[in-house]
Amino acid sequence: MPKRQNPKASELSSEKAKIAAVSGKGSTDQPSKPVSMDIDGDANMGEFEDAYDDEIEEEDVVVRDEDSDGVEMMGDDDDDEEEETEEVAEKTRQVYLPGDQLGEGETLQVDNSAYHMLHNMSVHWPCLSFDFVPDSLGSSRSAFPHTMYAVAGTQAERSYQNQVLLLKWSQLHRTIHDDMDDEDKDDDINDLDEDPILETKTLRHQGGVNRVRVLQSHQSPLAATWADTGKVHIWDIKQLMNTFDTPGAQVPTSAQQPMFTVASHGRTEGYAMDWNADGRLLTGDCNSQIYLTTRRNDSFVADRTAFKGHTASVEDIQWSPEEASVFATCSVDQTIKIWDVRAKNRNYALE
């Protein structure tokens, strides 16, 4: 649950920090912030954000008076000021509720106790969609630190600048106790204050990526991307994902290109897309058309006959988890329809 912080509390903390003075001569250069590991060598591709900036800021050196015996004197004023600052900050914190208006200078601050793990990362271009990639680490794992794999697609300024991002997040430690004082924390390896690691692999993508969906198969992971050019590209990402865990692994040029492109939608873009566990792919566009693409051995066959029934943009598609031939769609026409791919007339079965 986010909290909002009154600027007066921040000012008190700032005034306290100004008591410190950094002395001595030497270089004033700040150490550079570690960048994420990009397999392609693109340092701007993505990085985890350091919420506390402890990687790049030097600690202030506090100059205190000493008595005649050279013993440092600790005044009560500092302790009183610290307690007063904490009390004021605590009083000015309150839980933010949707609809609350922020006062001038107020900002929202995350409450780490609301999440077992919370890490922030940034990428060079915004992304509209991402999906997780299955791995062999176990579906029910709970021990920290975590490792995860994902695929995302960009919305770059120019069409040719877009990319498919393959991501590996590792060393993801628990953060639920990050707001606690050090003396109140338990010595738990799950709460180690180690920086997470982000590794990336990129593929060139023509056009912005509206939606990304991954076939949830560790043995044969496939990623589909809905482009704003009206094309749906299917990628075999297994060899690319293996490069994260196999140093020196070579990726053939063919793996850096789509293994198949669905052109059934013409130039009409869309967002709705879902994989069936058997490798069939459904895609719905902004012109109400729905098409089925079927996997045949190492390739695909795209139907040219659309499922028709909606009168406006198809926003989402979901295969039934129980019936392999049944799927559901929702549309801007304010309807939800149930379909069966075995129907010869390609019409919906239930609305």
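Throughout what follows, the structure given in this document is the object of discussion. (Residues numbered from 1 in each chain as written. Predicted model: local features only at pLDDT ≥ 70, side-chain atom pairs only at ≥ 80, totals over all residues. Heavy atoms only, no water.)

So, the packing of aromatic side chains
Part 1 of the argument: All chains considered together, the criterion is met by ten aromatic pairs.
Part 2 of the argument: With a centroid separation of 6.4 Å and an interplanar angle of 45°, the aromatic rings of Tyr149 and Phe244 are classed as tilted. Here Tyr149 is found in strand 8 (residues 146-154), whereas its partner Phe244 is found in the loop between helix 3 (238-242) and strand 14 (260-262), with 95 residues between them in sequence. The same class applies to Tyr149 as to Phe244, namely buried.
Part 3 of the argument: Among the aromatic residues, those joined into a cluster by ring pairs are Phe307, Trp319, Phe327, Trp339 and Tyr348.
Part 4 of the argument: Over the ring of Tyr348 we find Lys337; its NZ or CZ atom is 4.1 Å from the centre of that ring. (Phe/Tyr/Trp six-rings, centres within 6.5 Å; stacked < 30°, edge-to-face > 60°. Helix = DSSP H or I, 4+ residues; strand = E, 2+ residues; numbered from the N terminus. Buried < 20%, exposed > 50% of the residue type's maximum accessible area, 1.4 Å probe, protein only. Lys NZ or Arg CZ within 6 Å of the ring centre and 35° of its normal.)

Regarding the sheet that holds strand 16 (residues 281-285)
Part 1 of the argument: Strand order in the open sheet made by the four strands is 15-16-17-18, with antiparallel pairing throughout. Looking at strand neighbours, the two that pair on one side only are strand 15 (270-275) and strand 18 (299-302), the edges of this open sheet. Adjacent strand axes in the sheet meet at a mean angle of 20°, parallel and antiparallel pairs treated alike.
Part 2 of the argument: Sheet topology note: the strand 16/strand 17 (residues 290-296) ladder contains four bridges and is antiparallel. By the bridge assignment for strand 17, Leu282 is matched with Leu292. (Pairing = 2+ DSSP bridges. Axes fitted to C-alpha atoms, helices over the stretch in contact; angles between N-to-C directions.)

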